[in-house]
Amino acid sequence: MLPADCSRRLVAELRGALDACAERQRQLERSLRVSRRLLRAWEPAATPAAEPTLGPEAKGEHLSPACTPSSQDLKELELLTQALEKAARVRKGISKAGGDKAPVPKSGSTVTPVTTTPSHLQAPGQADGRVSETSPPRGICQTKAPTKGHPERRLLSSEDRISWGRGARATRPGPGLRDQQTAPPAAQQAPEAFTLKEKGTLLQLPMAFRKAASQNSRLWAQISSTQTSDSADATTTAKTQFLQKMQTASGPHGPGLSAAEVEAELGRLQEACSLLRLRMEEEVAAAPVDWKQELRCLFTLEGLQALAGQCLCRLQELRAAVAEQQLGPWPVGGSRSTLSPCGAGADPARGPRLLLYSSTQELQTLVALRLQVAMLTQQIHLEKVLMAELLPLVHTQGRWGPRELSLCRAVHSLLCDAGERFPTVLQDEPTG
Amino acid sequence: MGRQRRRVDRAAGAGSGTLPEAIAALSRALPCGPSPETFRRAKFDRPEAAPALWQLLFRVLSPVSEAGATAPPAPEAQARLVKAALRSEGYPRPALAQLPEDGSRGSRELLLALSWLLARRPLLERLLARTRVRLGDEVAVCECLGVSTGCLGTEPDPCPLQCEDLAFGRANTGLPALGLGSELHVDIRHVQWLMGKLRFQWRNLVSTQQEQCALLSKVALEDGTWGRCCCLPLPPAQPGSTLFQIHLYTWGCHSDQSLGHLSATETEVLRDPEGSQQLLQVLEQENAHLAATVEWRRRELVFWQWMVRGQSRDPAWSSALRALQETVGQELAALRWAWDQGRDPAQPHGLYRLVRSEPGAPAGRGLQAAEVIGALRSKEACLEAALRQLQGQCRRELARLMGALPGFVWISSPVR
C-alpha cells in the first residue's frame, strides 16, 4: 500500500487526467450527435429553408459558387422580389381563382424554390407535381401563408423563409387542407424527407444570418487593420507614457512582471533543468574509450554547469521580483484566458483562419495526430508525476520481502513501459 | 474637465474627436460596460461610481462561465477576486489592495486599474475573442487552449467553452472532494488500473474522432461525384465519417466563395431555424461590440491623453528611475530570449476553420492540412523522444537499485 498523501496525490492526478479525457469524449459525442442528425433525413416539420433564390432568377440548377450573388445583388433581388409580390397580389386580386402561376421561370429541374410563390396562388393540386420534389421546407412557408398581415411577403422574404421566431416547426398542415394557401402541404405529405445527401447542395443560409456573418467577419478584419495603422503610433506613445507613470508612481520597482509571466518562465526553467539533467546523466553514464572522448565529455559537462548557473541566477531574480511586487497566484476559479495571448488564437482579429484539407484521410490523419500529441503531452506529465511520487518510495524501502519486490515490479512497469510489460525477478537460491 | 478637451489633436488622425465620444465607444465595447457618466465620475473619485467599476473588473478578469452565470458572487467576493487577480498580474499601485471591498469608494483607482489593463494588452479584442461565435467546424492545432477546444467543435454554442489555462491533465491541487479520506491508502494496483483505464479512454476517443471527421467532410464535396457512393452514416462500426460527409453534401452552398461549403454549425442553423435564433442574436450582439471596439480604436488617443494628464507626478523619481527601468528591462528581455529560443516558433497555434478544398488548389487561402500534419508529426516525434528519455532514466535508476540487492536476479523488461 502506498502512503496516504502519495495515494491522494496520485489518484487526484490520474482522476484529473481521466476527467479531462472524458470531457473531450463528451464534447466529441455531442458534435457527433449533431452531425449524425444532420445527415439523417430531416424531420419535415422542422425542415430547413432550402432558401429560394429570390426573384425570377430561380436557379433550378444547384447554386454553384460561381453564381453566388454578391450582397449588392441580393439586395436588388430582394427589391425585385417585393415588386413581384406586389404584382402577384394585384393579379390575385384580379383573378380570384388564381390559376396563373407567378412569373417565375421554372427551369424544370428539381428545385425552383420560388415555385412556392405560385403555389400560394394556384388552384390546389397544381403545384403538387413540382413541389413534391421540393423538400418539405415549402411547408414552412405554407403554414405561414394563412397568417394575416403579410402573407406573400412572408413567402418570399428570404428572412422569413426561415421563420425566425415563428412556430414553423409546430404546424404541419393537416391532410385535408386543400385550399389555395395550403396546396403545397399536400405535396409535403408525400414523405419526401429532406436529406442532406440528396439536396444538400441546394441549401442556402438565411439572409439575416448571412448578413450578420459577413458583417461579423468584416468587423473582425477592421479591428485587425486598425491595430496596424500608422496612426496607432501616437496612441502607443500615449499608452506607454501612461504605463510608465503608473509604474513610477508606485516606487522603485522593476518592470512589472505578472504572475502568469513568472509561471511561464518557471516552466521554461523547469524544462531547461530536466533537459540539462538528462544530458548530464547521459554523459556520466557514457564510458569514454579514449582521451578525446573523455575531453569532449568534460567540455560538455562544463558547458552544462554554466547553463545551470544561468538558470539558477534567473530563478533568484524571479524570486526577488515576486517578493518585491508581492505577486500572488491567480485566484482560484479565475481564468487567464483574457490576458494570455493564445486564447482563441494569438491574434484573434486576424479574420477566419482557414485550414484546408482535401480528403477524409487527410483530415483524419491531422486530427489523429493532434490527439496523439495531446496524449503524449499528458503521458509525459504523468510520467513526471509518477517518477516524483514512486521513485522515492522504492529508494526508501527498508527490507526486501515479496511485497516490496512486487511494488518494485509494478513501479518499473508503470514508469518504464507505460504499464504494458513487467520485469522479472528471480530469487537466487543458493544451491546446497 | 473632459468637455474642455474637444477637438484634441486633429492632426494626429486617430484619436480625433471628442473625449465623450471615445468614452461612449469604450462603454459600448466593454461587456456590461458602465455608462460614460460613470467613467467621468470615476475620474473625480466619486464614490457612486465604484460599484459599477468593481463589477466591470470582475467581469473582465473572471472566467467566461462565471461572468455569464445567473448568480454572480456577492460584491465583496467580486472585489476580492479583482484584487487578487490584479495583484497576480503585477499591478504596480498598492492603493488598490487597500480599497474597501464594499464598493463605498475607490472609483478613481479602479479606473486607473482598468486603464492599466487596457494599455498593456489588447484587452477588448481578447474579451471578444474569448466569447467569439464560431460558425465553422473549428479545430485547434495546438494544445494551448486545453480541453475545451480539443475536439472539433460543431455545435453552435453561443456561449463557447471557456479556454482554461490548465495544462492538459493537470489535476486541481488539494482535491479533497474525491471522496478520499485523508487517511486513505491505495494499492499500486489501483494506480495501474487507473492508467489502464486512461489508455482505453484515449483509444476510444481516437476512434470517435475519426468518425466525426469522416461525417463532417462529407458535407464538402461536389454533388454527383460522391453523393451516390456515400451512404448515410450508421452506428460507430461504420468507417464512414460525419464531418467529411457534411462538407461533401453541401458543396457549393456557401455564399462565401472562399469557403465553398457549409459547416456542421451552419447546416444545423438550417435544420433547426428556431433553435438557432439564439445564435443569430449572439452574433448580432457581437457585431455591436465589435463596431464599438473599432470606434474606440479610432478615438482612444484622446482618452489616453486625458488619463495621462490626470496622473500625479513624482518628479523625484522620474528620469533616473526611467533610465534604470529601461536598462533592467533590456537585460531581462535578452535573458528571456535566450530561453525562448528553444521554443519552436514554427508551430501553428490557435483555432482554425475547417474547409474542404480541391487537392490541387492554389495555396494562400489558408493553412494547408499537409503543413499542419508535418508540424504535428515532428512534435509527436519530439514528445516520443522525450518520453523515451524519461522512461530510460527510470529504467537505469531502477536497474541500479535492484542490481545492488543481494540474492535476487533482476531481469528488466526488453527495451522497445
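See the structure above.
Here the residue index of a chain counts from 1 through its sequence in written order. Lettering of chains starts at A and numbering of ligands starts at 1, both following the order in which they are written. For this predicted model, a pLDDT threshold of at least 70 governs which residues receive local features, and a threshold of 80 or more governs which side-chain atom pairs are given and counted, while totals over whole chains, interfaces and linings are taken from all residues. Values shown for side chains rest on all heavy atoms present in the structure; no hydrogens or waters enter the calculation.

A few points about the overall build of chain B
Piece 1. Each helix corresponds to a stretch of at least 4 residues labelled H or I by DSSP, and each strand to a stretch of at least 2 residues labelled E; elements are numbered beginning at the N terminus. Counting its regular elements, chain B contains 13 helices and four strands.
Piece 2. Burial classification: accessible surface area is computed with a 1.4 Å probe over protein chains only, and a residue below 20% of its type maximum counts as buried, one above 50% as exposed, and the rest as partly exposed. Looking at chain B as a whole, 52% of its 416 residues qualify as buried.
Piece 3. Any two residues whose heavy atoms approach within 4.5 Å at even a single point are treated as in contact. Taking all contacts inside chain B whose residues are at least 6 apart in sequence as the whole, residues at least 24 apart take part in 71%.
Piece 4. Accessible area for chain B stands at about 18,100 Å²; split by element, carbon and sulfur atoms hold 55% of it. For every accessible area listed, the method is Shrake-Rupley and the probe measures 1.4 Å; residues are considered covered only by the protein chains on display.

Description of the side chain of glutamine 78 of chain B
Piece 1. On the secondary structure map, glutamine 78 of chain B appears in helix H5 (residues 75-89).
Piece 2. In this structure, glutamine 78 of chain B is in contact with Gln55, Phe58, Pro72 and Pro73 of chain B, ignoring residues within four places of it in sequence.

With respect to the packing of helix H12 (residues 259-285) of chain A against helix H13 (residues 369-403) of chain B
Piece 1. Packing of H12 of chain A against H13 of chain B leaves a shortest axis separation of 11 Å and a crossing angle of 50 degrees. When the interaxial angle is binned, H12 of chain A and H13 of chain B end up oblique. Between H12 of chain A and H13 of chain B lies a crossing of left-handed hand. In contact with Arg277, Leu278, Glu281 and Glu282 of chain A of H12 of chain A, H13 of chain B contributes Gln389, Gln393 and Arg396 of chain B. With axes taken as lines fitted to C-alpha atoms, and helix axes fitted only over the stretch in contact, angles between N-to-C directions fall between 0 and 180 degrees. Any angle from 65 to 115 degrees is called roughly perpendicular, while one under 35 is roughly parallel, one over 145 is roughly antiparallel, and all others are oblique. Two helices cross in a left-handed way if the nearer one is turned anticlockwise from the farther one by less than a right angle. They cross in a right-handed way if the turn is clockwise.

Observations concerning the sheet that holds strand S3 (residues 354-357) of chain A
Piece 1. Paired strands, as defined in this entry, are two strands with at least two bridges between them according to DSSP. Pairing is mixed in the open sheet, where four strands are placed in the order S1(B)-S2(B)-S3(A)-S3(B). Each edge of the open sheet carries a strand with a single partner, namely strand S1 (138-140) and strand S3 (367-368) of chain B.
Piece 2. Summarising the sheet, S3 of chain A and strand S2 (residues 351-356) of chain B pair through four bridges and their orientation is parallel. The residue of S2 of chain B that forms the bridge with leucine 354 of chain A is arginine 353 of chain B.
Piece 3. Each of S3 of chain A together with S2 of chain B is contacted by helix H9 (residues 242-249) of chain B, which is oriented at about 60 degrees to S2 of chain B, the strand it contacts most.

Re the packing of helix H14 (residues 360-395) of chain A against H13 of chain B
Piece 1. Direction vectors running N to C along H14 of chain A and H13 of chain B enclose 20 degrees, while the axes themselves pass 9 Å from each other. Accordingly, the angle class assigned to the pair H14 of chain A and H13 of chain B is roughly parallel. The handedness of the crossing between H14 of chain A and H13 of chain B comes out as left-handed.
Piece 2. Asp, Glu, Lys and Arg are counted as charged, while Ala, Val, Leu, Ile, Met, Phe, Trp, Tyr, Cys and Pro are counted as nonpolar; the rest, among them Gly, fall into the polar class. Class assignment of the residues belonging to the contact of H14 of chain A with H13 of chain B gives a composition of 20 nonpolar, seven polar and nine charged.

Side note on the nonpolar core
Piece 1. The nonpolar core is taken to be a set of buried Ala, Val, Leu, Ile, Met, Phe, Trp, Tyr and Cys residues, with the residues joined through side-chain atoms within 4.5 Å. In this structure, Leu2, Leu196, Leu355 and Leu390 of chain A are the most contacted members of the largest nonpolar core, which totals 97 residues.
Piece 2. Ranked by residue count, the leading element in this core is H14 of chain A, at 18 residues.
Piece 3. Ala25, Trp54, Val82 and Leu110 of chain B belong to the second-largest nonpolar core, a separate cluster that totals 51 residues.

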